[in-house]
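Report on the structure
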Amino acid sequence: MPEKVVTRFAPSPTGYLHVGGARTVLFNWLYARRMGGTFILRIEDTDQKRNTPTAIRQVIEDLRWLGIDWDEGPEVKGPNGPYFQSQRREIYDKYIKKLIDEQKAYWCFETLEELDALRKEAEAQKKNFIYPRPKEFPDESDVKKAAAQGKPVTVRFAMPEDESIIVEDIVRGQVRFEASELGDFIILKSDGFPTYNFACVVDDYLMKVTHIIRGQEHLMNTPGQQELWKALGFGEPPKYAHMSVTISEGGGKLSKRERPKALRKAIKAGEDSATRMADKIDRQKLTEAGNLSADELESFIKGKAMPDMPSVDAMAEYLGVRLPEINIVDFFNSGYLPETMVNFLALLGWNPGDEREIMSVKELTDCFDLSRLTKSNSLFDRQKLMAFNTEHIKMAGKEKLLQHFKKYLKITESPVLSASDEQLKRIIKLCEGARTLADIERKSRFLFIGDDQIQYDDKAVKKVLLKGDGINTLKTIRSKIETQAQITAQYTENMLRGLAEEKQVGLGKVAQPLRVAICGSTISTPIFDSIEMLGKEKTLSRIDNTMVIVQGKAVT
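Residues numbered from 1 in each chain as written. Predicted model: local features only at pLDDT ≥ 70, side-chain atom pairs only at ≥ 80, totals over all residues. Heavy atoms only, no water.

Let us now look at the overall build of the protein. Helix and strand counts for the protein stand at 24 helices and eleven strands. For the protein, buried positions account for 49% of its 556 residues. About 28,200 Å² of surface is accessible on the protein, with carbon and sulfur atoms providing 49% of the total. Side-chain charges in the protein split into 83 positive and 82 negative, and the spacing between the mean points of these groups amounts to 3 Å. (Helix = DSSP H or I, 4+ residues; strand = E, 2+ residues; numbered from the N terminus. Buried < 20%, exposed > 50% of the residue type's maximum accessible area, 1.4 Å probe, protein only. Areas by Shrake-Rupley, 256 points an atom, 1.4 Å probe, with all protein chains shown as cover. Lys, Arg positive; Asp, Glu negative; His and termini not counted. Charge placed at Lys NZ, Arg CZ, Asp CG, Glu CD.)

Here we take up the sheet that holds strand β3 (residues 105–108). Strand order across the open sheet formed by three strands is β3-β4-β7, with antiparallel pairing between neighbours. Each of the sheet's edge strands pairs with one partner strand only, and the pair in question is β3 and β7 (185–188). The average angle at which neighbouring strand axes cross in this sheet is 45°, direction not considered. Two elements, strand β4 (residues 154–157) and β7, share three bridges in a ladder whose sense is antiparallel. Across the sheet, Arg156 pairs through a bridge with Ile186, a residue of β7. Of the strands in this sheet, β4 and β7 are in contact with helix α7 (residues 222–231), which crosses β4 at around 90°. (Pairing = 2+ DSSP bridges. Axes fitted to C-alpha atoms, helices over the stretch in contact; angles between N-to-C directions. Contact = heavy atoms within 4.5 Å.)

Next up on the list: the packing of aromatic side chains. For any pair of aromatic rings, the description consists of the separation of the ring centres together with the inter-plane angle of the planes. Enumeration according to the criterion identifies 15 aromatic pairs in this entry. For the pair Tyr205 and Phe234, a centre-to-centre distance of 3.7 Å together with 0° between the ring planes defines the contact as stacked. Of this pair, Tyr205 sits in helix α6 (residues 196–206) while Phe234 is found in the loop between α7 and β9 (239–243), placing the two residues 29 residues apart along the sequence. Look at Phe234 and you get buried, because its relative accessible area is 8%. Both rings, one in Phe344 and one in Phe380, keep their centres 5.1 Å apart while their planes meet at 85°; by these two values the pair is edge-to-face. You can see Phe344 sitting in helix α13 (residues 338–346) and its partner Phe380 sitting in the loop between β11 (378–379) and α15 (382–395), a full 36 residues away along the chain. You'll find Phe344 and Phe380 in the same group, each marked buried. Every member of this aromatic cluster is reached through a ring pair, and the members are Phe331, Tyr336, Phe344, Phe380 and Phe388. The ring of Trp70 is capped by Arg64, whose NZ or CZ atom sits 4.0 Å from the centre of that ring. (Phe/Tyr/Trp six-rings, centres within 6.5 Å; stacked < 30°, edge-to-face > 60°. Lys NZ or Arg CZ within 6 Å of the ring centre and 35° of its normal.)

Quick look at the pairing of strand β8 (residues 211–215) now. Summarising burial for β8: five of the five residues are buried, a large majority. Pairing geometry for β8 and β9, over five bridges, is parallel. The partner of Arg214 across the bridge, within β9, is His242. A crossover connection joins β8 to the parallel β9 through α7; in handedness this β-α-β unit is right-handed. (Right-handed = clockwise from strand over helix to strand, strands pointing away.)

Attention shifts here to helix α3 (residues 89–101). The terminal C-alpha atoms of α3, which comprises 13 residues, lie 18 Å apart, in line with the 18 Å expected from a rise of 1.5 Å per residue. Taken as a whole, α3 has its buried residues at Tyr92, Tyr95, Ile96, Leu99 and Ile100. Seen along its axis, α3 keeps its buried residues to an arc of 145°; they face one direction. α3 presents Glu90, Lys94, Lys97 and Asp101 as exposed residues on the side facing more than 90 degrees away from its buried surface. Next to the buried residues of α3 lie β3, β4, β7, α6 and α7. Directly after α3, the chain includes Gln103, whose backbone phi takes a positive value near 60°. (Expected span 1.5 Å × (residues − 1). Arc of directions from axis to C-beta.)

With that settled, the discussion passes to the environment of Lys503. With respect to the helices, strands and loops of the structure, Lys503 is situated in helix α21 (residues 489–503). It is 55 Å that separates the C-alpha atoms of Lys503 and His18, two residues lying 485 residues apart in sequence. In this structure Lys503 touches Asp469, Thr473 and Val510, once residues within four positions along its chain are discounted.

Next up on the list: the nonpolar core. With 103 residues, the main nonpolar core has Leu26, Leu66, Ile328, Phe380, Leu496 and Leu514 as its most contacted residues. Examining the composition of this core, we find that nine residues originate from one element, helix α1 (residues 19–34), more than from any other. Ignoring anything within four residues of it in the chain, the contact list for Phe380 reads Val19, Thr246, Ile247, Glu249, Leu254, Phe331, Phe344, Leu345, Leu348 and Leu385. In this structure, Phe109, Phe157, Met159 and Val175 belong to the second largest nonpolar core, which totals 33 residues. (Core = buried A, V, L, I, M, F, W, Y, C linked by side-chain atoms within 4.5 Å.)

Quick look at the packing of helix α17 (residues 421–430) against helix α23 (residues 527–534) now. Two numbers describe how α17 lies on α23: the axes approach to 11 Å, and their chain directions differ by 165°. Viewed along their axes, α17 and α23 adopt a mutual orientation that is roughly antiparallel. Classified by chirality, the crossing of α23 by α17 is left-handed. Touching Arg426, Ile427 and Leu430 of α17 are Asp529, Glu532 and Met533, all from α23. A breakdown of the residues in the contact of α17 with α23 according to their chemical character gives three nonpolar, no polar and three charged. (Parallel < 35°, antiparallel > 145°, perpendicular 65-115°, else oblique. Left-handed = near helix turned anticlockwise from the far one by under 90°. Nonpolar A, V, L, I, M, F, W, Y, C, P; charged D, E, K, R; others polar.)

Relative to the 18 Å expected for 13 residues at 1.5 Å per residue, helix α20 (residues 470–482) spans 18 Å between its end C-alpha atoms, a close match to the ideal helical length. Taken together, the buried positions of α20 are occupied by Gly470, Thr473, Leu474, Ile477, Arg478 and Ile481. On an axial view of α20, the arc spanned by its buried residues comes to 140°, and they lie on one face.

Quick look at the state of the cysteines now. Scanning all chains against the criterion turns up zero disulfides. The thiol of Cys108 is unpaired, and the distance to the nearest cysteine sulfur, on Cys200, comes to 19 Å. With a relative accessible area of 3%, Cys108 lands in the buried category. By relative accessible area, which is 0% here, Cys200 ends up buried. (Disulfide = S-S within 2.5 Å.)

This part covers the side chain of Asn343. Within the element layout of this structure, Asn343 appears in helix α13. For Asn343, a relative accessible area of 0% gives the class buried. Within polar-contact distance, the side chain of Asn343 engages the side chain of His392 at 2.9 Å. Apart from residues no more than four positions distant in its own chain, Asn343 is found in contact with Glu357, Ile358, Met359, Leu364, Phe388 and His392. (Polar contact = N/O pair within 3.5 Å; in protein donor to acceptor, adjacent residues only side chain to side chain.)

See below:
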């Protein structure tokens, strides 16, 4: 009987869930579900300096939003916990001791300066740096002596010498590595925590992981992990599948650093041109927006430090800078559906073997096969993603789309959240063909804000109201609306069409002045329904406010 498939996703909570990580978790989840196996979520939080509670929470929220559940891990527990590596130190210590006792690993005491000197020496000799293994391994007395002297105490794994290591990869076939070119690597850091390369091997064994599906960038880690597996006596290692690289439209690897990089560029550009700008960047206010100190902001601008993502987003919002979507939460905030993201990500480096592109989660699960993973790089095509989202909005059932929209409104703190379910359903129907939930929100938010919160688009005011007969048309519309006890969509349509016919112009010539008056721009829900939903009093009030503002602009 074939073994039960067990896959895992093991994020390091040093940042939000990046689309590359989302693709990794998706492929592991799809394969486990396709094979009737187990999917494990494990948090690799042994990097104590870079881990953030915010990132851990966001990763879990992002997975839940995508519809990815796990059989073992945080919140659901399971038989192989704990599922946070920081809580498993006693387990790792036992296996570290085993390797040291068997002379398969050894203590080291070099400082960072000493290691740097060794690297520079190798560079001067035009050689790859390979850590020089001592002829005799240090013992416990050497460890105590080094610790007493304040030296860092680490442990390195003794890689086999003078042999080839073959990695059998589902995607790439046989990949050969020469052990002599890899060198001994650290498995226990000076802070007492294991490194990723060691902890993941122990955990994968104890959690009975059968398949490791991950990005191509991890391929270089695999030979060392395989040798650790062998040295610890774990038997056959899991099967490996290293996915192709996803590249951005600019040609480079899609990186989680694109958002901070874009913000840093915007800050520098603003400060470089400050002498030519009326509005200079106020660093004090910028630090307050990002909840950073002046030194932390300076380090970020110089590229020496990376603040937590909420700080990056807050500073971008303060400056009015739009950052590229890179993390899953960014796509949520831009109004994409989770079904869209799952569909789109699944086709980055995998295909169903036919011409299908728009697919449901069930369809993806039913046909997911590791043999369909591709070697070639995949393009993160944002236009294609938008087209996918448009289709998934069309495909979504009314109730599901309503729930997605309500969650979006809640998280983004939109004023549209005050609408009733019936109003929201009407708005969604009126915005048929919308590309994102953000489009629907933008078109309808004017209905749920105060008159004094309307922001007028200067271009729309100049084009629609200040040129031609826009003002007079608006005055005529006001006088007609004022005579009605209430306004319906049908009345508004009849009135505007009649006025257009009277003036012998197109409907847009009379409808657009009214649209700009009630929402400040030329984009809204359909004008007839908009007036009915806004109501007579608010419509008249906004027309009056618009008149005052427009007359002021006309004078200036």
